[in-house]
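# Structure at a glance
Listed below, chain by chain, are the residues.
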Amino acid sequence: MNMISRMTDLLETSRTFCLATVISSSVKDIMPGNKTIVLGDGSVEGGTGNNRLDGLINKYAIQALKTQKKQTIDIVQGLSVFFDIVAQKAKLVICGAGHIAKPLAQFARKVDFSVTVIDDRSNFADPSRFEGCEVITDDFVVALQNTNINTSSFVVIITRGHEYDTECLSEILPRKTAYVGLIGSRRRVGFVLEMLSNQGIPSDRLKDVFTPIGLPIGAESPEEIALSITAELVCVRRKTSVQAKKLRSVIGI
Amino acid sequence: MNDGEIFNQLVDLQQNGIASCLATIIRTAGSTPREIGAKMLICLDGTTYGSIGGGCGERQLQSAAIRCLLKDKKPEILDIDLTVDLNVKGGDVCGGNLSVFVEPFF
């Protein structure tokens, strides 16, 4: 099996890896295009066949995985290697399948998120409303308990009531996430955050929650709100949550 | 298209016996439309998947990829300069330059 098929297999099982490709070489028997796959646990596939150079490639690859930085490095004179980080699609979990969820799921898919939608109302959590998404019709808590959420997961909470928001957040906040956003008026949001604080969620973690949700573009319609949320998701994925928060602070949120 | 989709497409092309070039941005300087790691596939018939930034840069890449598939048949580094005069019709809108690794798959 060639390296490309191997990479698609790794991505199927949602493994992030570093792909090290020789891009120029004056070293005997090492040709441009030669590839090494290095996984986070340090396991290696492929390589140049030269022990010393493979050792160096692995070292830089592990470093690249840690820093998440893609770059070209001349690992020795006459041998340039491009260290690429290849990751699965980021996952977006939308809690609440109402009016905003529909355009949000569409926009998020367009910008390369794999989308899961959860609601306990089967007429809303209807797969025909969410083409190309995973749709779960179940209680929010049960659904979230069965959903894998990790540091590359984005979670948007747009349920129909503050009691559901609280339930969802108590499931999600104890886990690590890339992003958590919560919709709602100041009053509703304040109430939810206070309940969670009383439940023992640390205040630092509560501060991670993006609320009000979305970049401040003056959105009003469900589609506009979905657009502003999608913009925020992209900002966090491409840049950082610090940058996304800064954009809000400009107008005093 | 994300990396996974590009690689899936490449596997698909290989299984169907269609030769293509995988292009990956390996270096950037100044203002470029896409970041390091952005990928694009170019087939002989001109079909493309993904993007390394559009415009003239991609046109240059397409010619290089087709030359690579027909003639050189080995990987190469293509340097693309986007700093040409902004007043020129069809000039690129970005001001940087980038290097692209172009790799043929048969």
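Note that the structure is predicted; figures quoted are calculated from it, not measured.

The rules behind each value
- Residues numbered from 1 in each chain as written.
- Chains lettered and ligands numbered in written order.
- Predicted model: local features only at pLDDT ≥ 70, side-chain atom pairs only at ≥ 80, totals over all residues.
- Heavy atoms only, no water.
- Helix = DSSP H or I, 4+ residues; strand = E, 2+ residues; numbered from the N terminus.
- Buried < 20%, exposed > 50% of the residue type's maximum accessible area, 1.4 Å probe, protein only.
- Contact = heavy atoms within 4.5 Å.
- Areas by Shrake-Rupley, 256 points an atom, 1.4 Å probe, with all protein chains shown as cover.
- Axes fitted to C-alpha atoms, helices over the stretch in contact; angles between N-to-C directions.
- Parallel < 35°, antiparallel > 145°, perpendicular 65-115°, else oblique.
- Left-handed = near helix turned anticlockwise from the far one by under 90°.
- Pairing = 2+ DSSP bridges.
- Salt bridge = Lys/Arg side-chain N within 4 Å of Asp/Glu carboxyl O.

### A few points about the overall build of chain B
Counting secondary structure elements, chain B contains 2 helices and 5 strands. Starting at the N terminus, the α and β elements of chain B follow one another as α-β-β-β-α-β-β. For chain B, the residues scored as buried account for 46% of the 106 residues in total. Within chain B, contacts between residues at least 6 apart in sequence are counted, and of these 51% link residues at least 24 apart. Of the roughly 5,100 Å² that chain B leaves accessible, carbon and sulfur atoms contribute 49%.

### Focus on the packing of helix α5 (residues 162-172) of chain A against helix α6 (residues 186-198) of chain A
Residue and element names in this part refer to chain A. Direction vectors running N to C along α5 and α6 enclose 40°, while the axes themselves pass 10 Å from each other. Judged by the inter-axis angle, α5 sits oblique to α6. Considering the relative orientation of α5 and α6, their crossing is right-handed. Residues His-162, Asp-165, Thr-166, Leu-169 and Ser-170 of α5 touch α6, and the partners they reach there are Arg-188, Phe-191, Val-192, Met-195 and Leu-196.

### Overview of the sheet that holds strand β1 (residues 20-29) of chain B
Residue and element names in this part refer to chain B. The strand order β3-β2-β1-β5-β4 describes an open sheet built from 5 strands, whose pairing is antiparallel. Looking at which strands have only one partner, the edges of the open sheet turn out to be β3 (48-50) and β4 (76-81). Ignoring strand direction, the axes of neighbouring strands in this sheet form an average angle of 25°. Both β1 and strand β2 (residues 39-43) contribute to a ladder of 5 bridges, which runs antiparallel. From the neighbouring strand, Thr-24 faces β2, where its bridge partner is Lys-39. Contacting β1, β2, β3 and β5 (97-105), helix α1 (residues 3-15) crosses the sheet at an angle of about 20° to β2.

### Brief notes about the pattern of salt bridges
All chains considered together, the criterion is met by 18 salt bridges over all chains. A salt bridge links Arg-121 of chain A to Asp-119 of chain A, with the nearest nitrogen and oxygen atoms 2.9 Å apart. Each member of the pair, Arg-121 of chain A as well as Asp-119 of chain A, is classed as buried. When the shortest N-O distance is used, the salt bridge between Asp-3 of chain B and Lys-39 of chain B registers 3.2 Å. With Asp-3 of chain B in helix α1 and Lys-39 of chain B in strand β2, this pair connects stretches of sequence that are 36 residues apart. Lys-39 of chain B carries the same exposure label as Asp-3 of chain B, and that label is buried. One salt-bridge network, held together by shared partners, links Lys-70 and Asp-84 of chain A together with Asp-3 and Lys-39 of chain B.

### Focus: the pairing of strand β6 (residues 90-95) of chain A
All names here are of chain A. In terms of residue burial, β6 counts as a mostly covered element, since 5 of its 6 residues are buried. The sheet contact formed by β6 and strand β9 (residues 153-157) spans 5 bridges and is parallel. Its bridge partner being in β9, Val-93 is matched across the sheet by Val-155.

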